[in-house]
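Analysis of the macromolecular model
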Amino acid sequence: MAAQVPRNFKLLAELEKGEKGLGAGACSYGLEDPEDIYMTHWRGTIWGPPHGNHENRIYELKMECGPNYPKEPPEIHFVSQINLPGVDPVNGKVDKNAVAILRDWTRIAEQLAKNPRPKEDPLSLEAALIAIRKYMDEHKKLPQPPEGAKYDIYKNE
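Quick caveat: nothing in here was measured; it's all calculated off a predicted structure. (Residues numbered from 1 in each chain as written. Predicted model: local features only at pLDDT ≥ 70, side-chain atom pairs only at ≥ 80, totals over all residues. Heavy atoms only, no water.)

In the predicted model, the chain carries a mean pLDDT of 90, and 92% of its residues have values of at least 70. The lowest-confidence element of the chain is helix α1 (residues 7-20), averaging 88 in pLDDT; the highest-confidence one is strand β4 (residues 75-78), averaging 98. (pLDDT = per-residue confidence, 0-100. Helix = DSSP H or I, 4+ residues; strand = E, 2+ residues; numbered from the N terminus.)

Here the focus is the state of the cysteines. Here, the word disulfide means a covalent bond between the sulfur atoms of two cysteines. Following the criterion strictly, the structure yields zero disulfides and no others. Looking at Cys 27, it has no disulfide partner, and the nearest cysteine sulfur is the one in Cys 65, 15 Å off. Overall, Cys 27 belongs to the buried group, its relative accessible area being 10%. (Disulfide = S-S within 2.5 Å. Buried < 20%, exposed > 50% of the residue type's maximum accessible area, 1.4 Å probe, protein only.)

So, on to the sheet that holds strand β3 (residues 58-64). The strand order across the open sheet built from four strands is β1-β2-β3-β4, with neighbouring strands paired in antiparallel fashion. Strands with a single pairing partner mark the edges of an open sheet, and in this sheet they are β1 (27-31) and β4. Geometrically, the sheet is characterised by an average inter-axis angle of 25 degrees between neighbouring strands, direction not taken into account. The sheet contact formed by strand β2 (residues 41-47) and β3 spans seven bridges and is antiparallel. Following the sheet pairing, Gly 44 is matched in β3 by Leu 61. Where α1 meets the sheet, its contacts fall on β1 and β2, and the angle it forms with β1 comes to roughly 125 degrees. (Pairing = 2+ DSSP bridges. Axes fitted to C-alpha atoms, helices over the stretch in contact; angles between N-to-C directions. Contact = heavy atoms within 4.5 Å.)

Moving on, we get to the side chain of Lys 62. With respect to the helices and strands, the residue Lys 62 is situated in strand β3. Reaching out from Lys 62, the side chain makes a polar contact with the side chain of Glu 32 at a distance of 3.3 Å. Aside from chain neighbours lying at most four places away, what touches Lys 62 is Glu 32, Trp 42, Arg 43, Glu 75, Ile 76, His 77, Val 79, Tyr 154 and Glu 157. (Polar contact = N/O pair within 3.5 Å; in protein donor to acceptor, adjacent residues only side chain to side chain.)

Further remarks concern the packing of aromatic side chains. Here the structure, examined in full by the defined rule, presents three aromatic pairs. Ring geometry for Tyr 59 versus Phe 78: centroids 6.1 Å apart, planes at 90 degrees, classification edge-to-face. With a gap of 19 residues between them, Tyr 59 in strand β3 and Phe 78 in strand β4 connect regions that are remote in the sequence. Comparing Tyr 59 with Phe 78 shows no difference in burial state: the two are buried. The interplanar angle of 40 degrees and the centroid separation of 5.8 Å between the aromatic rings of Tyr 69 and Trp 105 together place this pair among those described as tilted. Here Tyr 69, found in the loop between β3 and β4, pairs with Trp 105, found in helix α2 (residues 100-114); they are 36 residues apart in sequence, far enough to count as distant. Pair check on accessibility: Tyr 69 and Trp 105 agree, each one buried. (Phe/Tyr/Trp six-rings, centres within 6.5 Å; stacked < 30°, edge-to-face > 60°.)

Another aspect to go through is the nonpolar core. Trp 42 and Phe 78 are the most contacted members of the largest nonpolar core, which has 38 residues in total. Among the elements of the structure, α1, β1, β2, β3, β4, α2 and α3 (125-138) are those that each provide at least two residues to this core. By residue number, the principal contributor to this core is α3, which donates seven residues. With residues near it in sequence (within four places) discarded, Trp 42 still touches Leu 11, Glu 14, Leu 15, Tyr 29, Gly 30, Leu 31, Glu 32, Leu 61, Lys 62, Met 63, Cys 65 and Leu 125. (Core = buried A, V, L, I, M, F, W, Y, C linked by side-chain atoms within 4.5 Å.)

Our next topic: the pattern of salt bridges. What the rule picks out here adds up to eleven salt bridges. Here Glu 14 ties to Lys 10 by a salt bridge, and the two come within 3.0 Å at their closest N and O atoms. With Glu 14 and Lys 10 both in helix α1 and four residues apart, this pair spans about one turn of that helix. Comparing Glu 14 with Lys 10, the two get one shared label, buried. With a shortest N-O distance of 3.3 Å, Lys 62 and Glu 32 are connected by a salt bridge. Here Lys 62, found in strand β3, pairs with Glu 32, found in the loop between β1 and β2; they are 30 residues apart in sequence, far enough to count as distant. One salt-bridge network, held together by shared partners, links Glu 32, Arg 43, Glu 60, Lys 62 and Lys 150. (Salt bridge = Lys/Arg side-chain N within 4 Å of Asp/Glu carboxyl O.)

In structure tokens, the structure reads:
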């Protein structure tokens, strides 16, 4: 059995990558509060994919890495309103069954625990954001709320 990287080490590596902008250019992420020593609450942005109704839009997301991360996927909410199957129209929560990486996260984590990690970690906040962006691209023709609209629960933030 391969050694597992402790949660905080993994999240520190993700934070460093996110802060240095070493990841995908279409997504960014970082801690919501730099004083969050448990690295639980994160913010992310996704640049809308081109050639559809998401083009030239920036979507804001909240991500929560629970105590069992990375064995379990983060909980992800859109702050920016979006019309997308699998996203709750009231609070923006992304249904983990709608996006493949979130749906398969636990199974992949179990496989990684048994085998050496690949060069690129397939389970990360960045990977989740990239997968959501790809999912958005698959639904790029859906009409969208006005640009800048937020879910009611985030309007006072």
